[in-house]
Amino acid sequence: MGALKSLKEEYAIIDANFLQFCASHGIFSVEDFLVHDVYTLVASTEQLSNSYRLKQGINQLLSIIETCHQPWMNGLMLLEDRKQNKRCLSTGCESFDMLLRGGLHEGHVTELVGPSSSGKTQVCFQAASNVAMKLGSVVFIDSGNSFSPTRIQQIVAYISGSAENKINGILQQAMRNIDCHAVFDIYALLNVLHQLKLKLKSQTGYQVRLIIVDSISSLIAPILGGSNAQGHALMVSVGYLLKELADRHNIALVVTNHMVGGEGGTLKPALGESWKNVPHVRLQLSQDHARNIYAVQILRHPYMASGRNANFMIP
Amino acid sequence: MAKLWINGDESAKQMLGRVLKERPLLLLPHPLHRIPLGVSNIVEIVGPSPSAKTEILLQVAVSCILPKSWNGVQYGGLEHSVLFLDLDCRLDIFRLSQSLKLRITEANRLHKITKKQKGVAVSNAITEHQCEYDDMDLFTECMKRFSYTRCYDSFEFLAALKVLHHKLEKERNTDGSGVHVLMIDNIGAFYWINRGFSSLPQWNPNRKNLSLQSVFETVVPEIKKLLLLHPMLVLATKMVTYQVKSSYSSWASGVASEVNIGKGTYREYMPSIWQSFVTRRILVRASDDKRKLQDQVCYLAEWLLPALNLTDEFVVGDAGILTLL
C-alpha cells in the first residue's frame, strides 16, 4: 500500500488522468481508496468522457488490493503449516516444558508475568541459553540492562553438565547465537523490531528462533495513561508487530510483564485490558522464598485449560 | 384478469419452504442456542477478556463444518462453509482440529453403541481400520470448509472485505454450497490504532479522515453488499472493558446488582453505524462464583438483544463448551 503516484510507473492504466480523477474524490493513497465505496466511484465516472479508462483503473486498483491482505487459507493448509513450521522450543527446564507440552511454541507470543524477583528474567536467560546452544539464533531485547553474559555462561555450563572451564566451544557457539539489543524506549523497540522484520524478509538464510523482550512493560507503561490515545495506539502496534513476526517467520516470542495492585489489593498483570488481547499464552510466575522454588501457572492458553501449574528450579 | 391477480403465486406453505431453503435458520450450539439465527443476522458476542468468545466461535465453526451425517453416522453438523477473519491474529488452528477430532470420535462412539443395542454385529479389526481411514477423509473434508485469514491492521481488513466477493463468486462456481458463516474475531481490535490515526493531518479538505468512524462507514456497507449477493450469518466478537467506577457502585448497591454488572456498565466504543448494524447481541463473562467447580472457570451468557431474562452457565473443556444444569 502507499501513494497512488508510486503505482504510476508499474501500471500503465494508472496515469495522470486517473490520478486527477482520484484526487477530485480526495483519494491520494491506496488507503484512501479503501475507505471509499467502489460502486459510488464507478457511478461517478459515468458523466466523464474517459469513463471506460477510469473504470479500468478502478479495476486495476481492486486487483492491487487483492495482494494487500493476507491470503485466505483453509483449515488443512493452516494445520499443515503448523505441523511443518511451528515447533516447540525447549526452555531447558523440564517441568516448565512439561507444563507447556514441549516448551515455547513458535508462532505464539508468550507473556511471562509476575512480581519482581519471581524468576521472569531467569526463565528468559535459561530459554535463551538453551535455544542458542542447541537450536539457533536468539534476539534478546533488553530494556533494563539485565542481560548478563556471565549468567549465560553459568547456565550453559549447567545445561551441558560440564565444568565452566571446559565448555569453551559450546559457550562460543551459544554466545554467537545471542544477539542482544539494549532498548530504553518504545520507539527504539519499534525500530529494532522493524529492522528485524526487514532483515528476515530480505536476507535469505537469516533465521531467528526466539525473540525475548525483557521487559516489555517497562517500555509501554510510561506512555500509557492520560487522555491521549497515542500511548495505546503504540502499544497495540507493538502487539501486532510481535504477532506478525511470530507467525510469518515462525519465531517464538517471549515478553515479560510486571504486576500492579488491582481492586482489593490483589496483584494483576500490568498494561491493562487492551494488552490482554496481545499474547497467545500468559504465564504467571511466583517464587517461594523459603524453599527457593519457583512456580508457574497458566493464566491463558489457546488450547490448554487455565489454572494448571508446575514448580521449577533455577540453576 | 383480476382473479388471476388475487389467486396469488404460492401458498404460505410453499413460501415457507422456499424461504427456509434460501435463508435457513441455523441451530447453533450452546450458548447461542436460545434464539434461532438465520442468514443476514449480525450477531455480536460481547464480553471482557477472557470470556471464551473465541472458543464460542470455534465451537460454532466445528458445528458448521461437520456434515449432518457421513457413512451412516450422525454428526449433527450443518455442512456450511466458515470464513474466519482474525483481527486479533491469535487463532491457533490446533484448537479447532482438536475439537473437531473429539467431536468425530464421540459421534462414532455413540453410533457404535446404538448399533450394538440394535444387535448388529460390531465391526472387526479390519473395518476398524477402515473406519479410521474414513474419519481422516471426513476430517479433511471438514477442515477444507474452514477458511481463514488474518488482518494486521484495519486496511488489511478493508482490503479483505472489498475483494471477498470475488473469492466467494469463484467458490460458488466450483462447489454448490451457498450458505456461509462469516466470523470476525474481535471487531474492535483496531480501535486504538484508528483513534491514533484520527489526529493525522489531512492536507486536503476533500480527503476522508482515516478514523474508526470512516473505517466502519466503509466496513458496514461492504458487509451489507456482501450479504445481498451471498446470504451469510455474521458472528462478530467484541472485547469490552468494564467501567470500574460504575461496576463498583452497582457492587456496593446490593445483591440485585449482578445483572446490572452484566448489562449496562461496559464501555461501548464502537461507532453507532456498527451498533445499529448489529441485530443480535449476547453478553458473555466469567462468573465470580467458584462454588460449583473447583478448577474450571464458569462463564455466564445472557442475550441482550433481544433481551431474554435468563442467564446460561457454561464451562470450557477439552471437548468444547459444556452446559451446566
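Residues numbered from 1 in each chain as written. Chains lettered and ligands numbered in written order. Predicted model: local features only at pLDDT ≥ 70, side-chain atom pairs only at ≥ 80, totals over all residues. Heavy atoms only, no water.

Novice: Any chance you could explain the pattern of salt bridges here in plain terms?
Specialist: Two side chains of opposite charge can pair, provided their charged atoms sit close to one another. Under the definition given, this model contains 27 salt bridges over all chains. With a closest N to O distance of 3.9 Å, B:Glu302 and B:Arg285 form a salt bridge. In this pair, B:Glu302 sits in strand 11 (residues 298–305) while B:Arg285 sits in strand 10 (residues 280–286), placing the two residues 17 residues apart along the sequence. Of the two residues, B:Glu302 and B:Arg285, neither departs from the other in class, the shared state being buried. Through salt bridges with shared partners, one network takes in A:Asp37, B:Lys162, B:Glu222 and B:Lys225. (Salt bridge = Lys/Arg side-chain N within 4 Å of Asp/Glu carboxyl O. Helix = DSSP H or I, 4+ residues; strand = E, 2+ residues; numbered from the N terminus. Buried < 20%, exposed > 50% of the residue type's maximum accessible area, 1.4 Å probe, protein only.)

Novice: What should I look at first to understand unusual backbone geometry in this one?
Specialist: Residues other than glycine predominantly adopt negative phi, and peptide bonds predominantly adopt the trans conformation. All names here are of chain B. The residue after Ser49, namely Pro50, is reached through a cis peptide bond having omega -5°. If you trace the backbone, Pro50 turns up in the loop between strand 3 (42–47) and helix 3 (53–65). A cis geometry characterises the amide bond from Leu305 onward to Pro306, with omega recorded as -5°. Mapped onto the fold, Pro306 is located in the loop between strand 11 and strand 12 (307–317). With a phi close to 75°, Ser40 is a non-glycine residue in the positive phi region. You can see Ser40 is positioned in the loop between strand 2 (37–38) and strand 3. Taking relative accessible area as the criterion, Ser40 reaches 28% and is therefore assigned partly exposed. Here the phi dihedral of Ala52 falls at roughly 65°; this positive angle occurs in a residue that is not glycine. Looking at where Ala52 falls in the secondary structure, it is placed in the loop between strand 3 and helix 3.

Novice: Explain the environment of B:Ala286 to me, please; I cannot follow it from the model alone.
Specialist: Within the secondary structure, B:Ala286 sits in strand 10. Taking the C-alpha atoms as reference points, B:Ala286 and B:Phe314, 28 residues apart in sequence, are found 9.5 Å from one another.

Novice: So what exactly am I meant to see when it comes to the pairing of strand 13 (residues 320–323) of chain B here?
Specialist: Side chains on a regular strand alternate between the two faces of the sheet. Residues and elements named next belong to chain B. With four bridges joining them, strand 12 and strand 13 adopt antiparallel strand pairing. Along strand 13, the bridge assignment pairs Phe314 with Thr323. The turn joining strand 12 and strand 13, which pair antiparallel and follow one another in sequence, is formed by two residues. (Pairing = 2+ DSSP bridges.)

Novice: Would you mind going over the domain arrangement of chain A with me for this structure?
Specialist: How big an interface is tends to be reported as the loss of accessible area on association of its parts. Taken domain by domain, chain A comprises domain 1 (4–66) and domain 2 (78–312). On a C-alpha basis, the centroid separation for the pair domain 1 of chain A and domain 2 of chain A is 45 Å. (Domains from an automatic or database assignment.)

Novice: Just checking my understanding: could you explain the confidence of the model for chain B for this structure?
Specialist: Low pLDDT means the predicted coordinates in that region are not meant to be read closely. Residues and elements named next belong to chain B. Overall, the prediction assigns chain B a mean pLDDT of 83, with 85% of residues at 70 or greater. Scored below 50 in pLDDT, residues 244–264 makes 16 contacts in the model with residues more than four places away or belonging to other chains. Interface confidence in the predicted complex, given as ipTM, is 0.93; pTM for the same model is 0.91. (pLDDT = per-residue confidence, 0-100. Contact = heavy atoms within 4.5 Å.)

Novice: Just to check I follow, could you spell out the interface of chain B and chain A for this structure?
Specialist: Counting residues at the interface gives 59 residues for chain B and 56 residues for chain A. Buried surface at the junction of chain B and chain A, summed over both partners, amounts to about 5,200 Å²; 61% is from carbon and sulfur atoms. The three residues of chain B that bury the most area against chain A are B:Arg90, B:Tyr152 and B:Trp192, which together make up 15% of that side's buried surface. Applying the counting rule to chain B against chain A returns four salt bridges. For B:Arg150, the salt bridge is made with A:Asp247, and the minimal N-O distance between the two is 3.7 Å. Residue assignment for the side of chain B that touches chain A shows that the elements contributing at least two residues are strand 6 (81–86), helix 4 (93–118), helix 5 (125–144), strand 7 (146–150), helix 6 (154–174), helix 7 (191–197) and helix 8 (212–229) of chain B. (Buried area = accessible area lost by both parts, 1.4 Å probe.)

Novice: It is not clear to me how the packing of helix 6 of chain B against helix 8 of chain B should be interpreted in this structure. Could you clarify?
Specialist: For any two helices packed against each other, the geometry comes down to the angle between their axes and how far apart the axes lie. All names here are of chain B. For the pair helix 6 and helix 8, the least separation of the axes is 10 Å and the interaxial angle reads 10°. In terms of axis orientation, helix 6 runs roughly parallel to helix 8. Where helix 6 approaches helix 8, its residues Ser154, Phe157, Leu158, Leu161, Lys162, Leu164, His165, Leu168 and Arg172 are matched on the opposing element by Val215, Thr218, Val219, Glu222, Ile223, Leu226 and Leu229. Class assignment of the residues belonging to the contact of helix 6 with helix 8 gives a composition of ten nonpolar, three polar and three charged. (Axes fitted to C-alpha atoms, helices over the stretch in contact; angles between N-to-C directions. Parallel < 35°, antiparallel > 145°, perpendicular 65-115°, else oblique. Nonpolar A, V, L, I, M, F, W, Y, C, P; charged D, E, K, R; others polar.)

Novice: Would you mind going over the sheet that holds strand 7 (residues 210–214) of chain A with me for this structure?
Specialist: One key point about sheets: their strands pair by backbone hydrogen bonds, in either a parallel or an antiparallel sense. Residues and elements named next belong to chain A. Here we have eight strands laid out as an open sheet, ordered 6-5-7-8-4-11-12-13, and mixed in their pairing. Pairing within the sheet leaves two strands with one partner each, and these edge strands are strand 6 (178–182) and strand 13 (309–312). Pairs of neighbouring strands in the sheet enclose a mean axial angle of 20°, with direction left out of account. Bridge analysis of strand 5 (residues 138–142) against strand 6 gives five bridges, and the strand direction is parallel. Its bridge partner lying in strand 6, Val139 is registered against Asp179. Sitting on the sheet, helix 9 (residues 168–177) is in contact with strand 5 and strand 6, with an inclination near 45° to strand 6. In the packing of helix 10 (residues 186–202) onto the sheet, the strands contacted are strand 5, strand 6 and strand 7, and the crossing angle to strand 5 comes to about 165°.

Novice: Explain the packing of aromatic side chains here, please?
Specialist: Two measures describe an aromatic ring pair: the distance that separates the ring centres and the angle between the ring planes. Applying the stated criterion to the full structure yields 15 aromatic pairs over all chains. When the ring of A:Phe18 is compared with that of A:Phe21, the centres are 6.4 Å apart and the planes differ by 35°; the resulting orientation is tilted. Of this pair, A:Phe18 and A:Phe21 both sit in helix 1 (residues 16–24), separated by three residues, roughly a single helical turn. Across the pair, A:Phe21 and A:Phe18 agree in class, each one buried. Here the aromatic residues A:Phe96, A:Tyr294 and A:Phe312 are joined through ring pairs into a cluster of three or more. We note A:Lys243 situated over the ring of A:Tyr240; from NZ or CZ to the ring centre the distance is 5.0 Å. The ring of B:Tyr269 has B:Lys238 lying over it, and the distance from NZ or CZ to the ring centre is 6.0 Å. (Phe/Tyr/Trp six-rings, centres within 6.5 Å; stacked < 30°, edge-to-face > 60°. Lys NZ or Arg CZ within 6 Å of the ring centre and 35° of its normal.)

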